[in-house]
Amino acid sequence: MVVTTSNRCVCPDCDWVVDVPVTSTEVFKCPRCGHRLGGGAPVSERHTLALALAALILALVSLWLPFVGYSASGVSQTMSLLDTSAELLHFHERLLAILVLFTVWVVPVLYLLAICWIFTRLLGSGPLGPVTLYFIRAVVQLRVWMMADVFLLGALVSLIKISGLAAVELASGFYTFIAFVVLQLWVANNVSRYQLWHRLPHQQAPQSEAGRAAHNQGLSGCVCCQAPNSRQHKKCWRCGETLSLTRWRGWRLTLALLIAAALLLVPAHVLPVMETTSFGRTQPNTIIGGVLELWQGGDAPIAIIVFVASLVIPVAKILTLLVLLYVAERGNDSTVKNRVVLYKVTDWIGRWSMIDIFVVAVLVALVRSGQLMSVYPGNAALAFALTVILTMLAAMTFDTRRFFMPTTK
Ligand SMILES: [Zn+2]
Ligand SMILES: [Zn+2]
């Protein structure tokens, strides 16, 4: 096992300084908290580049091709992926339109472009320049906001919702979008940033000792590449990330974000998420009303998915983070690993709440303002989207190193 200072890192979850073997084909976990720090089967750079390029082409094609079509009472309509944002914009829901376009298409495309750039440079013989370093940092940040897979589930839910009222037909864009989601997920799950860091130019790392908390050695781990850095420095010696981001985060911002999210959850569930006009009669639909409709219509599994995504996940996420904030102040004990696991599950699951927003976006785009039936976005849609974003930000500002604080002081 070859260990050099270049793969010495600081665990982002518990602040422990660890030597990570570069060449290990087995997954390497932090001995203190179990966070994955490296290892695993290496992925071919050519392979990754080819798949990222294919995903990019599929993303471009999917944006313009017809996505799904429906026909009812002799009226047919088709929509493209771009229509989801265009129709929200038409109804003056600018923020929602931007949110949908960015999370479903723009961010994944930027991510794939960055991956293509990085792997083209890695395959070349020249040194990696500052642009490549910037992109390597960017892919870490962009990953959180990629939601094409959540959109796909949302699209399926909305098609099942509408299938009782109209004949739904999947168009070519739907299949290219599925292929895009699969490839994009493969790339995102297989590009190991741990494999990227040790390819970066190696400079002198500050003195550090493995098996001790970085905090106790006057060091802090870079949020991006996890290299140990002296607290006096402004930028990470390895990846160039700003080191002010590595400072220990207090509980106040997380708590403020959680309170704001909890408050917004009320209008999100009381106000209509969309309004349906059918044969001259307008009917407001709340999120829970939609769940009941699905349940009564015999679509119990879909009703459960929407119920879990729209109510159970946001409420559970807010409560779990509040409890974790509280217990983080109560010292280190045998449950500390469980807390980290609980935090990670909470953090990962939150994005799936966006299903509701994507259901509204697809239904509004697909049905549009027809003579027989129209669907309009309601005020709850924005409130709910903001709840999801705020809980995601709350999870991002939560500092799991606080669980380990009493022993690191
Ligand atoms: Zn750790
Ligand atoms: Zn770094």
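- Under an unreviewed UniProt entry, the name given to the chain is Paraquat-inducible protein A, and the organism recorded is Idiomarina aquatica.
- Listed under Subcellular location (unreviewed entry) in UniProt, the entry text for the chain is "Cell inner membrane".

## Description of the side chain of Thr387
Here comes step 1: Its place among the elements puts Thr387 in helix α13 (residues 379–397).
Here comes step 2: By relative accessible area, Thr387 is classed as buried at 1%.
Here comes step 3: Residue contacts for Thr387: discarding those within four places in its chain leaves Ala261, Leu264, Leu265 and Ala268.

## Some words on a nonpolar patch on the surface
Here comes step 1: A cluster of nonpolar side chains, Trp295, Ile304, Phe307, Val308 and Val312, forms an exposed patch at the surface whose accessible area comes to about 430 Å².
Here comes step 2: It is helix α10 (residues 300–328) that contributes the most residues to the nonpolar patch, four residues altogether.

## Points about the packing of helix α8 (residues 252–270) against α10
When two helices pack together, you describe them by how their axes are tilted relative to each other and by the distance separating the axes.
Here comes step 1: At a minimum axis separation of 10 Å, α8 and α10 run at an interaxial angle of 155°. Taken together, the axis directions place α8 and α10 in an arrangement best described as roughly antiparallel. Crossing angle aside, the handedness with which α8 passes α10 is left-handed. Along the contact surface, α8 presents Thr254, Leu255, Leu258, Ala261, Ala262, Leu265 and His269, while α10 presents Ser310, Leu311, Pro314, Val315, Ile318, Leu321, Leu322 and Leu325.
Here comes step 2: Partitioning the contact of α8 with α10 into residue classes produces 12 nonpolar, three polar and no charged.

## Considering the packing of α10 against helix α11 (residues 336–349)
Here comes step 1: For the pair α10 and α11, interaxial distance at closest approach is 10 Å and the crossing angle is 150°. Our classification of the angle between α10 and α11 gives roughly antiparallel. As α10 packs across α11, the resulting crossing turns out to be left-handed. Residues Ile313, Lys317, Thr320, Leu321, Leu324 and Val327 of α10 form the contact with α11, whose own contacting residues are Arg339, Leu342, Tyr343, Thr346, Asp347 and Ile349.
Here comes step 2: When the residues that make up the contact of α10 with α11 are grouped by side-chain class, the tally is seven nonpolar, two polar and three charged.

## Observations concerning the coordination of the zinc ion (ligand 2)
Here comes step 1: Only Cys222 (SG), Cys225 (SG), Cys236 (SG) and Cys239 (SG) from the protein reach the zinc ion (ligand 2) as donors, at distances of 2.3 Å.
Here comes step 2: Around the zinc ion (ligand 2) sit four donor atoms; with metal-centred angles ranging over 101 to 116°, the donor geometry is tetrahedral.
Here comes step 3: Given the relative accessible area of 0%, Cys239 is considered buried.

## Thoughts on the pairing of strand β5 (residues 66–72)
Here comes step 1: Of all seven residues in β5, five are buried; the element is thus mostly enclosed.
Here comes step 2: Connecting the antiparallel pair β5 and strand β6 (residues 75–80) is a turn made up of two residues, with Ser73 showing a positive phi of about 50°.
Here comes step 3: Two strands pair when backbone bridges link them, and β5 and strand β7 (residues 167–170) are joined in this way by four bridges, in the antiparallel orientation. Bridging across to β7, Val68 finds its partner in Leu170.

## Side note on the nonpolar core
Here comes step 1: In this structure, Phe67, Tyr111, Phe151, Phe177, Phe180 and Phe403 are the most contacted members of the largest nonpolar core, which totals 127 residues.
Here comes step 2: A per-element tally of this core places helix α3 (residues 94–123) first, with 17 residues.

## Digging into the side chain of Thr254
Here comes step 1: Mapped onto the secondary structure, Thr254 falls in helix α8.
Here comes step 2: Beyond its immediate sequence surroundings of up to four residues, Thr254 is in contact with Leu325, Ala394, Thr397 and Phe398.

Reading the values: the criteria
Residues numbered from 1 in each chain as written. Chains lettered and ligands numbered in written order. Predicted model: local features only at pLDDT ≥ 70, side-chain atom pairs only at ≥ 80, totals over all residues. Heavy atoms only, no water. UniProt positions renumbered as here; feature names shortened; annotations may be inferred. Helix = DSSP H or I, 4+ residues; strand = E, 2+ residues; numbered from the N terminus. Buried < 20%, exposed > 50% of the residue type's maximum accessible area, 1.4 Å probe, protein only. Contact = heavy atoms within 4.5 Å. Patch = residues over 30% accessible without salt bridge, like charges linked within 9 Å, V, L, I, M, F, W, Y side chains within 5 Å. Areas by Shrake-Rupley, 256 points an atom, 1.4 Å probe, with all protein chains shown as cover. Salt bridge = Lys/Arg side-chain N within 4 Å of Asp/Glu carboxyl O. Axes fitted to C-alpha atoms, helices over the stretch in contact; angles between N-to-C directions. Parallel < 35°, antiparallel > 145°, perpendicular 65-115°, else oblique. Left-handed = near helix turned anticlockwise from the far one by under 90°. Nonpolar A, V, L, I, M, F, W, Y, C, P; charged D, E, K, R; others polar. Donors = N, O, S within 2.8 Å, 3.2 Å for Na, K, Ca; no water. Tetrahedral: all angles 85-135°; square planar, octahedral: opposite > 155°, others 65-115°. Pairing = 2+ DSSP bridges. Core = buried A, V, L, I, M, F, W, Y, C linked by side-chain atoms within 4.5 Å.

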